[in-house]
Amino acid sequence: MLESSGKLVMPGFVDTHNHLWQAMIRGGCTDRDLFGWFRSCTDPQRGLLTPGALHSFVRLAALDAVQSGVTTLVDWVDIFSYDLVESYVRALAGTGLRFTYAMYPPAPDGALVAKVKKELVDPVPLGSFQIATHAARAARSDNLAHWELAQDLGVMLNSHVLERPEMRADDPVGVLDGIGALGPRLLMNHAVHLTDAEIAAVAEHDVRLAHCPLSNMRLASGIMRLSDLGRRGVKVGLGLDGGTNDTSDFHALMKTAIGLQRARTTEAGVFPQVHDVLRMATLGGAEVLGLADRVGSLTPGKRADLLVIDPAALNFAPRFDWTGQIVFNGRPENIEAVFVDGRPLKLGGRLVDVDTARVVREAEAAAARLRSA
Ligand SMILES: [Zn+2]
């Protein structure tokens, strides 16, 4: 963090797990757990998406992430037809964000995956690619095919793992181990219900994790053993996780990552502390994704992905400990400017060259059309 003329300058936030299209179901199914939310909110809505509607939801949520200070974002996407994928990637690319498109390929279709990577993602200078999967005993052959695809393409494998206690029966870590995927090219999302032995295996193989505390609370999924993972030196980033948390507020995400461990252990000194969580939100996230040579810190030679925070606000001033205040007091509206790869995406508190009212109007119209379909 730097200080210049009363403003705070810090690296941009790295969101290691999202599903931007779920902006279409914000605030929905609030009395459901993960499975109930899939059944009642996610699955019925996903089938209704058209390329135009998808574009407006992804653009809305991506711009919300930008205005909240996210400069790098991983989107895990299980949307299959080429025209929908094309519209998704176009919406992401149009925002100026640094993004990773993690594609869940249906019935491991290597030709489709290669086409999406080559024709849609590779041409975007700030775009990168991952293969997404759902590790589970019943899907072992798909998981293996996904892992082989990821290796062929030289990209990471990105899997949801043990988000709910019931997923123990799927033995996802055992399956990933069995197919040889445990290692630094594997990103596990949630990993809430890891055993001691699994934590040791994750640490030993340098597996990367995405922690999504707002989503885990909202969906009654449980509390990640983050303090145990931190003690073992596991690389963990933070993730907003799509519509489930209904917000792109990274300050809320950081505060929650600290708060849940303190609530779980009743110890104020437990990992993560304020600078641990700031690191997870920036350089730690970049390390998780293998991007730390380019982004995550204000270091000469890296790409300029950074935020300017104006602390002269009712919710932020007066100065006591700026680092603590960024985490505990900060809100997206305190972020005055956002730069990605040196390009200003937000200046003076407003998105650059974006008609925000129009973005909202288009998403509203798309949502109304889907409701009446
Ligand atoms: Zn997810």
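Refer to the structure presented above.
As the structure is a computational prediction, the values presented were derived from the model and not from experiment.

To continue, consider the overall build of the protein. Helices and strands together make up the secondary structure of the protein, namely 13 helices and 14 strands. Relative to its length of 373 residues, the protein is compact, with a C-alpha radius of gyration of 20 Å against a globular reference of 21 Å. Each of the 373 residues in the protein was classed as buried or not, and the buried ones make up 56%. Looking at the protein alone, contacts between residues at least 24 apart form 75% of all its contacts between residues at least 6 apart. Charge centroids of the protein, computed over 38 positive and 43 negative side chains, lie 3 Å from each other.

Of note, the amide linkage connecting Phe271 to Pro272 takes the cis form, showing an omega dihedral of 5°. Tracing the backbone through its elements, the reader meets Pro272 in the loop between helix H10 (250–265) and helix H11 (274–288). Of note, Cys29 is a non-glycine position whose phi angle comes to about 50°, a positive value. Tracing the chain through its elements places Cys29 in the loop between strand E3 (13–18) and helix H1 (34–46). In this structure Cys29 comes out as buried when scored by relative accessible area, which is 18%.

In this section: the state of the cysteines. Summed over the entire model, instances satisfying the criterion amount to one disulfide. Between the sulfur atoms of Cys29 and its disulfide mate Cys41 the distance is 2.2 Å. An S-S torsion of about 95° defines the bridge between Cys29 and Cys41 as right-handed. Of the two residues, Cys29 sits in the loop between E3 and H1 while Cys41 sits in helix H1, which places them twelve residues apart along the sequence. For the unlinked cysteine Cys212, the closest cysteine sulfur is that of Cys41, found at 18 Å. The class of Cys212 is buried, set by a relative accessible area of 0%.

All buried positions along helix H7 (residues 196–205) are accounted for by Glu198, Ile199, Ala201 and Val202. Along the axis of H7, the buried positions cluster into a sector of 160°, meaning they face one direction only. Exposed side of H7, more than 90 degrees from the buried face: Asp196, Ala197 and Glu204 are the residues found there. Buried positions along H7 lie against helix H6 (172–178), strand E8 (186–190), strand E9 (208–211) and helix H9 (226–231). One or two positions beyond H7, positive phi appears at Asp206, with a value near 60°.

By the definition in use, this model includes five aromatic pairs. For the ring pair Trp76 and Tyr104, a centre distance of 5.3 Å and an interplane angle of 25° mean the geometry is stacked. Highlighted residues: Trp76 in strand E4 (residues 70–77) and Tyr104 in the loop between strand E5 (98–103) and helix H4 (110–121), separated in sequence by 28 residues. Accessibility classification places Trp76 together with Tyr104 in one group, the buried group. When the ring centre of Tyr82 is taken as origin, the NZ or CZ atom of Lys115, which lies over that ring, is 4.4 Å away.

Each value, and the rule that gives it
- Residues numbered from 1 in each chain as written.
- Predicted model: local features only at pLDDT ≥ 70, side-chain atom pairs only at ≥ 80, totals over all residues.
- Heavy atoms only, no water.
- Helix = DSSP H or I, 4+ residues; strand = E, 2+ residues; numbered from the N terminus.
- Rg over C-alpha atoms; globule rule 2.2 N^0.38 Å.
- Buried < 20%, exposed > 50% of the residue type's maximum accessible area, 1.4 Å probe, protein only.
- Contact = heavy atoms within 4.5 Å.
- Lys, Arg positive; Asp, Glu negative; His and termini not counted.
- Charge placed at Lys NZ, Arg CZ, Asp CG, Glu CD.
- Disulfide = S-S within 2.5 Å.
- Arc of directions from axis to C-beta.
- Phe/Tyr/Trp six-rings, centres within 6.5 Å; stacked < 30°, edge-to-face > 60°.
- Lys NZ or Arg CZ within 6 Å of the ring centre and 35° of its normal.

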